[in-house]
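Examining the three-dimensional arrangement
Here is what each chain is made of, one letter per residue.
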Amino acid sequence: MTRHFLRDDDLSPKEQAEVLELAAQLKKDPYSSQVFAGPKTVALIFDKTSTRTRVSFAVGVSDLGGVPLIMDSGTSQLGGKESVADTAKVLERQVAAIVWRTFAQSGLEEMAANSRVPVINSLSDEFHPCQLLADLMTIREKIGDPSGKVLAYLGDASNNMCHSYMLAGVTAGMKVRVAGPAGYQPNQKVYRKAEEIALQTGGSIDIYTDPKLALVDSDVVATDTWISMGQEAEKAQKVKEFAGFTLDSELMSIARPEAIVLHCLPAYRGYEISAEVLDGPQSVVWDQAENRLHAQKALMVWLAERSKA
């Protein structure tokens, strides 16, 4: 049976831990797995601009003995002259996996439904699950087992990063606290799913409109841009609506003194996070960015091994 990774809860708590343990091994010994030796080709499809995702997946496929085939919807038939389903049926006969950074989650679901090779969501408008594997890997490196730790996410609680923090965080047994302005709250279906997972893992999920409440005794503090791709015209309005949510030294003083700071990047200093915090001693964003490579390699290996005929 082919395994796909379209959203964070596609991995059970046990499976998530397996991927993270494999990521740590691959970080120590980068070329120990050659799952794409042949070399096999992996399709990397980008509908959105990218730096970290493009580099980390391309390097990761190469490290695993494969060839990264970078594509985009502007220079292919995908979603235009050819349906997603038909594209999947073409690709599955020629590549070992499909990695897609796109807009609608429904497109990824259609791709996976028509593919006999693993399909990986490298970002959609609803979720960013590969980022969370890197984040959890970084948490494990810096503060140990994430189970029982408090993770506070501040900012746009309606975006893909927040949804992934909720699902992946409780899957790891974390106590997830989300704080966003009243008009920017999480999708209720995602929230209910996070609650359901938390009952199994001992984690928890709480939603606030006051960032200070979310930060009390937090071990990990995460934020993200207020203006996602395609929302640039809303910048002035969002800056007003997110007043008080800038992660600065004053807010960080509420968290535990040893708390670490995460940001998936790119960051906009002075908006969602201050330069003092982003570039300060509690920030681990550069390790976090590097860990995209190791976590995604582990994910590709894990999916390939479990999708063998």
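Residues numbered from 1 in each chain as written. Predicted model: local features only at pLDDT ≥ 70, side-chain atom pairs only at ≥ 80, totals over all residues. Heavy atoms only, no water.

1. Observations concerning the pattern of salt bridges
Any two side chains of opposite charge can pair if their charged atoms end up close together. Summed over all chains, the structure comprises 14 salt bridges. Among the salt bridges present, the one from aspartate 287 reaches lysine 142, with a minimum N-O distance of 2.9 Å. Separated by 145 residues along the polypeptide, aspartate 287 in helix α12 (residues 285-306) and lysine 142 in helix α5 (residues 129-143) bring together distant segments of the chain. Using a relative accessible area of 28% as the deciding quantity, one classes aspartate 287 as partly exposed. Measuring nitrogen to oxygen at the nearest pair gives 3.1 Å for the salt bridge that ties aspartate 219 to arginine 256. You can see aspartate 219 sitting in the loop between α8 (211-215) and β8 (220-223) and its partner arginine 256 sitting in the loop between α10 (249-252) and β9 (260-263), a full 37 residues away along the chain. The class for aspartate 219 is buried, based on a relative accessible area of 11%. Since its relative accessible area comes to 32%, arginine 256 is described here as partly exposed. (Salt bridge = Lys/Arg side-chain N within 4 Å of Asp/Glu carboxyl O. Helix = DSSP H or I, 4+ residues; strand = E, 2+ residues; numbered from the N terminus. Buried < 20%, exposed > 50% of the residue type's maximum accessible area, 1.4 Å probe, protein only.)

2. A short note on the state of the cysteines
Counted under the stated rule, the structure contains 0 disulfides. Cysteine 162 provides the cysteine sulfur closest to cysteine 264, a residue in no disulfide bond, and the two sulfurs are 12 Å apart. With a relative accessible area of 9%, cysteine 264 lands in the buried category. (Disulfide = S-S within 2.5 Å.)

3. Section: the sheet that holds strand β4 (residues 119-123)
Here we have 4 strands laid out as an open sheet, ordered β2-β1-β3-β4, and parallel in their pairing. Looking at the sheet topology across the chains shown, the edges are occupied by β2 (67-72) and β4. Strand-to-strand, the axes of this sheet are offset by a mean angle of 20°, without reference to chain direction. Sheet topology places strand β1 (residues 41-46) next to strand β3 (residues 97-101); 5 bridges connect them, and they run parallel. (Pairing = 2+ DSSP bridges. Axes fitted to C-alpha atoms, helices over the stretch in contact; angles between N-to-C directions.)

4. Concerning α5
If you check α5, its first and last C-alpha atoms are 21 Å apart, about what 15 residues at 1.5 Å a residue would give, namely 21 Å. For α5, the buried fraction is high: 11 of the 15 residues fall into the buried class. Within α5, the full set of buried residues consists of Pro129, Cys130, Gln131, Leu132, Leu133, Ala134, Asp135, Leu136, Met137, Thr138 and Ile139. Glycine 144 sits one or two residues past α5 and shows a positive phi near 90°. (Expected span 1.5 Å × (residues − 1).)

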